[in-house]
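# Working through the structure, step by step
Chain by chain, the residues:
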Amino acid sequence: CRRACHEDVLVNTTGRREHTVCGIMFPVEIKRDVPIEKVTIQSLSVRGQLGPITVWAAGIKVPQRQENNFFHYHIHGAEEEQVLMYSRTWHKVYQSFREPSNYRYTSFEISPVTLKPGESCIFYIHSSHRSRQGILSANAQNHITFQDDAINIHAGRAHFSTRPFGSINIWGYHGAWRDDCAFVGQLRYCVTYISWKPNIHIHFGYAYAQMVLTLLMCRRRSKSPISLLSDDNLYLILQMCGFNWASACYATKRKRNRPRIRKMIQSQKNDGSLNHSSCLPWRMFFKRRV
């Protein structure tokens with residue numbers, strides 16, 4: 001059956017040299033090479049003095065690392081760098097007053113933000129507390145501060161103004177933004193995966209391809225119990241398998257056997273014994289079946 005959410009994930013991010021800021025802006029990117037239909041971000045959690053909290057979201061292109069090691073965010077429908085000063089290109093997804101919580105994360109149930117593979121969204125969490133101790137942040141050690149099977153969280157910018165998108169910092173000077181800061185908190189999202197099909201078999205990775213190949217070979221071996229199943233039944237079983245169920249040892253095995261396979265193919269080419277039966281049989285199978 002088709003479900004709206006296949007997996008509920010809670011992400012915990014930490015950082016070195018943690019410090020407090022008035023706001024934090026960071027991008028979340030959905031990976032392209034994973035068989036995902038969509039990812040829905042449901043809540044964010046932070047620590048600090050909090051107070052009046054607002055959470056904003058805007059769609060962006062994938063941030064690119066520049067030569068000066070800073071990030072420049074290109075938001076759809078706005079000029080570069082102007083998005084930091086004006087809120088008209090942003091959508092407010094949460095607003096409330098929260099009590100101080102310096103040791104436990106406080107969760108914000110935001111309006112759901114749905115993203116597809118390859119898409120990104122930038123979040124801006126701001127506290128209007130009179131001091132700069134509203135939200136806990138950290139220094140970014142890399143341009144990607146967290147990643148898992150589905151998402152990448154990039155380094156962002158810290159904000160030192162008690163006014164959302166303000167250009168005057170709490171000390172009364174211009175320059176309220178600071179680059180290369182990491183989001184410290186929790187992010188909760190749910191994932192909807194794509195079911196396996198022969199025509200999208202290439203998107204499931206090498207380990208999954210080896211698992212499918214093994215089952216198909218067992219299906220055509222008369223002494224195997226799997227031969228009692230039809231192709232349709234086997235396809236239904238594969239559709240119920242997660243893309244990360246395949247063993248991770250296939251990647252090591254592929255890297256170790258690659259020189260031996262190339263040497264074997266080259267020797268067959270030299271003596272003229274190379275034919276289609278010695279080529280990858282699962283590729284030929286799916287070419288006929290699609």
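Residues numbered from 1 in each chain as written. Predicted model: local features only at pLDDT ≥ 70, side-chain atom pairs only at ≥ 80, totals over all residues. Heavy atoms only, no water.

## Thoughts on the confidence of the model for the protein chain
Inclusion rule: Note on scores: pLDDT gives the predictor's confidence for each residue, bounded by 0 and 100. By the convention used here, residues are in contact when the closest approach between their heavy atoms is within 4.5 Å.
In this model, the protein chain carries an average pLDDT of 77, and 72% of its residues clear a pLDDT of 70 or more. Residue range residues 249-257 is modelled with pLDDT below 50. Its contacts to residues more than four positions away, or to other chains, number five contacts. Low pLDDT, under 50, characterises residues 276-290; the stretch is placed with 17 contacts to residues that sit more than four places away or in other chains.

## Some details on the sheet that holds strand β1 (residues 7-13)
The test is simple: Two strands pair if DSSP finds at least two bridges between them. Helix and strand definitions follow DSSP, with helices as H or I runs of at least four residues and strands as E runs of at least two, each counted in order from the N terminus. Orientation is described by axes fitted as lines to C-alpha atoms, over the contacting stretch for helices, and by angles from 0 to 180 degrees between their N-to-C directions.
Read across the sheet, four strands follow the order β1-β16-β4-β9 without closing on themselves; strand pairing throughout is antiparallel. Single-partner strands in this sheet number two, and they are β1 and β9 (101-115). With strand direction ignored, the average angle separating the axes of adjacent strands in the sheet is 20°. Sheet topology places strand β4 (residues 36-48) next to strand β16 (residues 185-193); eight bridges connect them, and they run antiparallel. From the neighbouring strand, serine 45 faces β16, where its bridge partner is glutamine 186.

## Examining the pairing of strand β13 (residues 151-154)
We apply this condition: Throughout, exposure labels follow a simple rule: accessible area from a 1.4 Å probe, protein chains only, divided by the maximum for the residue type, with under 20% read as buried, over 50% as exposed, and the rest as partly exposed.
Neither face of β13 is left uncovered, since the one carrying Ile151 and Ile153 and the one carrying Asn152 and His154 both have all their residues buried. Note that strand β3 (residues 23-30) and β13 share three bridges and pair antiparallel. Paired with isoleucine 30 across the strands is isoleucine 151, a residue of β13. Here strand β12 (residues 144-147) hands over to β13 after three residues, the two strands then running antiparallel side by side.

## A word on the packing of aromatic side chains
Note the following rule: Geometry of aromatic contacts follows a simple scheme: Phe, Tyr and Trp rings, the Trp one being its six-membered ring, pair when their centres are within 6.5 Å, and the pair is stacked under 30 degrees between planes, edge-to-face over 60, tilted otherwise.
Going through the model one piece at a time under the given rule, you end up with 10 aromatic pairs. Taking the centre distance of 4.3 Å and the plane angle of 15° together, the rings of phenylalanine 26 and phenylalanine 183 count as stacked. Of this pair, phenylalanine 26 sits in strand β3 while phenylalanine 183 sits in strand β15 (residues 177-183), placing them 157 residues apart in sequence. Taken individually, phenylalanine 26 and phenylalanine 183 each receive the classification buried, so the pair is uniform in this respect. Each residue in the set Trp56, Trp90, Tyr124, Phe165 and Trp177 is aromatic and connected to the rest through ring pairs, giving one cluster.

## Focus on unusual backbone geometry
Look at leucine 50: it is not a glycine, yet its phi comes out positive at around 55°. Mapped onto the elements of the fold, leucine 50 is located in the loop between β4 and β5 (51-60). Even without a glycine there, the phi angle at phenylalanine 165 is positive, about 65°. As for its position among the elements, phenylalanine 165 is in the loop between β14 (156-159) and β15. Residue classification places phenylalanine 165 among the buried positions, given a relative accessible area of 5%.

## Here we look at the pattern of salt bridges
What counts is decided by this rule: Whenever a carboxyl oxygen of Asp or Glu lies within 4 Å of a side-chain nitrogen of Lys or Arg, that contact is scored as a salt bridge.
Throughout the structure, instances matching the rule amount to five salt bridges. Arginine 188 is paired through a salt bridge with aspartate 8; the nearest N and O atoms lie 2.7 Å apart. Taken together, the positions of arginine 188 in strand β16 and aspartate 8 in strand β1 put the pair 180 residues apart, joining distant regions of the chain. Put simply, Arg219, Arg220 and Asp231 are held in one network by salt bridges that share partners.

## Observations regarding the environment of threonine 162
Tracing the backbone through its elements, the reader meets threonine 162 in the loop between β14 and β15. Judged by its relative accessible area of 32%, threonine 162 is partly exposed. Spatially, the C-alpha atom of threonine 162 lies 7.7 Å from that of serine 131, the residues being 31 residues apart in sequence.

## Notes on helix α2 (residues 231-239)
What counts is decided by this rule: The arc in question is formed by the directions pointing from the helix axis toward the C-beta atoms.
Three or more residues of α2 are buried, namely Asp231, Leu234, Tyr235 and Leu238. Mapping the buried residues of α2 onto a view down its axis gives an arc of 100°, with all of them on the same face.

## Digging into the environment of histidine 126
Our working definition: By the criterion applied in these results, polar contacts are pairs of N or O atoms within 3.5 Å in which, for protein atoms, one can donate a hydrogen and the other can accept it, and in which residues neighboring in sequence qualify only through two side-chain atoms.
Within the secondary structure, histidine 126 is located in strand β10 (residues 120-127). When its relative accessible area of 0% is taken as the criterion, histidine 126 is described as buried. Once the C-alpha coordinates of histidine 126 and alanine 158 are considered, the two residues, 32 residues apart in sequence, prove to be 9.7 Å apart. Other than its neighbours up to four places away in sequence, histidine 126 contacts Cys22, Gly23, Pro52, Ile53, Thr54, Ile135, His159, Ser161, Thr162, Arg163 and Pro164. Among the polar contacts made by the side chain of histidine 126, one reaches the main-chain carbonyl oxygen of serine 161 at a distance of 2.7 Å.

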